[in-house]
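Structural description and commentary
These are the residues of each chain, in order.
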Amino acid sequence: MENLPLYICGPCAIESYDLVMTVAEELVNIERELGIKIVFKSSFDKANRTSASSKRGVGIDEGLRILEAVREQHGLKVTTDVHNEQHARQAGDIVDIIQIPALLCRQTDIIEAAASKNAILNIKKGQFLSPSETISLYNKAKSFTNGPVFITERGTCFGYNNLVNDFKAIYQLQLESIPIIFDATHSVQQPGSELTSTGGRRDCVEALARGAAAVGVQGFFFETHPEPDKAISDGPNMVPTGKLKAILKNIKAISDLSKSIEYEKV
């Protein structure tokens, strides 16, 4: 895919048409001002909530209608995550990139269904996978499609309610020519730490993204919301939309520098 690195951005969940359009308009402005390529991301269904009482979103039919409107009105490419084979087939007719959630990343039937569409695949690396297992996962996905497949790094389980990022693992995957998206916002999650919801450390988002930019990843994933603390999902780790441009400007500067410097083999 051209115009790398990609910047995948948007609110965690599609809460309403108005919210999505507000964020999309701001992302278009950021894309234009910084000269970067942004793909709009939001979920029509948050199917893996900590609590049964948590809000899940607007559903697939309404969600895909809104994502299609983002493309038509704002000219952004769009992506969303899917949770079963039917979701993959239905979403694949609308979105440009199909995202496979981390907890479902080994589900062969979902990957095969997503690969049957023309969309690019973006597979979130499970928090439980080693680099060697991730290589096998990538090769499985590539066996179903001749199109691009991205792997998104979103942290590895480190005890209870905590994730860490292993930049050695990212480098190891890059040696296998696997394109890596770095998920800066989910990497700072503290899964289930709020008992009925997931906590997070949004203050750490830019620091981790700077590290990934220096390593030379092929894209970045930032969930953003005008008022994260009022969001229905992932509020503690989302970036306030008003602060996103400054962060992306810094990440782009590091990424541009990284691309101009070759690794010294030792």
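Everything here concerns the structure above.
Below, the structure is looked at part by part. (Residues numbered from 1 in each chain as written. Predicted model: local features only at pLDDT ≥ 70, side-chain atom pairs only at ≥ 80, totals over all residues. Heavy atoms only, no water.)

**Looking at the packing of aromatic side chains**
To keep things clear, this is the line we draw: Each pair of aromatic rings taken from Phe, Tyr and Trp, with Trp reduced to its six-membered ring, is defined by centres within 6.5 Å and is described as stacked if the planes are under 30 degrees apart, edge-to-face if over 60, and tilted in the remaining cases. Secondary structure elements follow DSSP: runs of H or I of four or more residues count as helices, runs of E of two or more count as strands, with numbering from the N terminus. Classification of residues uses two cut-offs on accessible area relative to the type maximum, computed with a 1.4 Å probe and protein chains only: under 20% is buried, over 50% is exposed, and between them is partly exposed.
Counted under the stated rule, the structure contains 4 aromatic pairs. Each ring, one from Phe167 and one from Phe182, has its centre 6.0 Å from the other, and the planes form 25°; the classification is stacked. Placement of the pair is Phe167 in helix α6 (residues 167-175) and Phe182 in strand β9 (residues 180-183), with a sequence separation of 15 residues. Overall, the relative accessible area of 27% leaves Phe167 in the partly exposed class. Judged by its relative accessible area of 0%, Phe182 falls in the buried class. Cluster of aromatic residues (ring-pair linked, three or more members): Tyr7, Phe220 and Phe222.

**Concerning a nonpolar patch on the surface**
The test is simple: Surface patches are drawn from residues lacking salt bridges whose relative accessible area is over 30%; two like charges belong together within 9 Å, two nonpolar side chains (Val, Leu, Ile, Met, Phe, Trp, Tyr) within 5 Å. Per-residue accessibility takes into account occlusion by the displayed protein chains alone, with areas from the Shrake-Rupley method and a 1.4 Å probe. Take a side-chain nitrogen of Lys or Arg and a carboxyl oxygen of Asp or Glu: if they are within 4 Å of each other, that pair is a salt bridge.
There is a patch of nonpolar side chains on the surface, built from Tyr171, Leu175 and Tyr263 and spanning about 330 Å² of accessible area. Note that Leu175 resides in helix α6. According to the relative accessible area criterion, Leu175 is exposed, its value standing at 55%.

**Re the pairing of β9**
As a reminder, the rule being used: Two strands pair if DSSP finds at least two bridges between them.
Burial of the side chains of β9 extends over both faces: Ile180 and Phe182 are buried on one face and Ile181 and Asp183 on the other. Pairing of strand β6 (residues 149-153) with β9, which is carried by 3 bridges, proceeds in the parallel orientation. Bridge pairing in β9 links Thr152 to Ile181. Alignment of β9 against strand β12 (residues 219-225), held across 3 bridges, turns out to be parallel. When the sheet's bridge partners are listed, Asp183 is paired in β12 with Phe221.

**As for the nonpolar core**
Across soluble globular proteins, nonpolar side chains show a tendency to be buried alongside one another. Put simply, the rule reads: By nonpolar core is meant a set of buried Ala, Val, Leu, Ile, Met, Phe, Trp, Tyr and Cys residues that side-chain atoms within 4.5 Å join together. Note on contacts: a residue pair qualifies if any of its non-hydrogen atoms lie within 4.5 Å across the two residues.
Counting 67 residues, the largest nonpolar core has Leu27, Ile38, Phe40, Ile123, Phe220, Phe222 and Leu248 as its most contacted members. Looking at this core, the element that brings in the most residues is helix α1 (residues 17-34), giving 9 residues. In contact with Leu248, not counting residues within four places along its chain, are Tyr7, Cys9, Ile30, Leu34, Ile36, Ile38 and Phe222. Core analysis: the second largest hydrophobic core is formed by 8 residues, Leu6, Ile97, Ile120 and Ile181 among them.

**Section: the pattern of salt bridges**
Taken as a whole and judged by the stated rule, the model has 13 salt bridges. Residue Asp229 pairs with Arg202 through a salt bridge whose shortest N-O separation is 2.9 Å. With Asp229 in the loop between β12 and β13 (239-240) and Arg202 in the loop between β11 (199-200) and α7 (205-215), this pair connects stretches of sequence that are 27 residues apart. Residue class for Asp229 comes out exposed when judged on its relative accessible area of 66%.

**Digging into the packing of helix α2 (residues 60-74) against helix α3 (residues 85-92)**
Applicable threshold: Axis lines are fitted to C-alpha atoms, over the contacting stretch for helices. Their N-to-C directions set the angle, which ranges from 0 to 180 degrees. Each angle receives one of four descriptions, namely roughly parallel if under 35 degrees, roughly antiparallel if over 145, roughly perpendicular if within 65 to 115, and oblique otherwise. Left-handed describes a crossing whose near helix is turned anticlockwise from the far helix by less than a right angle; the clockwise case is right-handed. Gly falls in the polar group here, along with every residue not listed as nonpolar (Ala, Val, Leu, Ile, Met, Phe, Trp, Tyr, Cys, Pro) or charged (Asp, Glu, Lys, Arg).
Close contact between α2 and α3 brings their axes to 11 Å; oriented N to C, the two are set at 30°. With respect to α3, the axis of α2 lies roughly parallel. For α2 against α3, the interelement crossing comes out right-handed. Contacts between α2 and α3 involve Ile60, Asp61 and Leu64 on the former and, on the latter, His87, Gln90 and Ala91. Looking at the contact of α2 with α3, its residues break down into 3 nonpolar, 2 polar and 1 charged.

**Some thoughts on the layout of surface pockets**
The gaps of empty space that remain are located by a probe, the size of a water molecule, rolled over the atoms. Counted only if it meets this: The method works on a 1 Å grid over the protein atoms by themselves. A cavity is a set of points holding a 1.4 Å probe that cannot get out, a pocket is an open set with protein on both sides within 12 Å along at least five of seven lines, and residues with an atom within 4 Å of a point line them. Grid points are joined across faces, edges and corners, and a volume is the space filled by probe spheres set on the points.
Approximately 340 Å³ is the volume found for the second largest pocket. Taken together, 17 residues line the second largest pocket, and the ones lying closest to its centre are Gln174, Val215, Gly216, Ser258 and Tyr263. Broken down by secondary-structure element, the contributors of at least two residues to the lining of the second largest pocket are α6, α7 and α8 (241-259). The residue makeup of the lining of the second largest pocket, split by class, is 10 nonpolar, 5 polar and 2 charged.

**A closer look at the packing of α3 against helix α4 (residues 108-115)**
It is at 8 Å that the axes of α3 and α4 come closest, and there the two elements cross at 15°. With respect to their mutual orientation, α3 and α4 come out roughly parallel. The element α3 and its partner α4 pack so that their crossing is right-handed. Note on element contacts: α4 touches α3 through Asp109, Ile110, Ala113 and Ala114, opposite Glu85, Ala88 and Arg89. Across the contact of α3 with α4, the residue classes break down as 4 nonpolar, no polar and 3 charged.

**Some thoughts on the environment of Ser16**
For the record, the criterion: Any N or O atom pair separated by 3.5 Å or less is treated as a polar contact, with the protein-specific requirement of one donor-capable and one acceptor-capable atom, and with residues adjacent in sequence counted only for side-chain atom pairs.
Positionally, Ser16 belongs in the loop between β1 (6-10) and α1. What makes Ser16 partly exposed here is its relative accessible area of 28%. For the pair formed by Ser16 and Gly57, sequence separation is 41 residues and the distance between their alpha carbons is 8.5 Å. Separated by 3.1 Å, the side chain of Ser16 and the backbone nitrogen of Leu19 make a polar contact.

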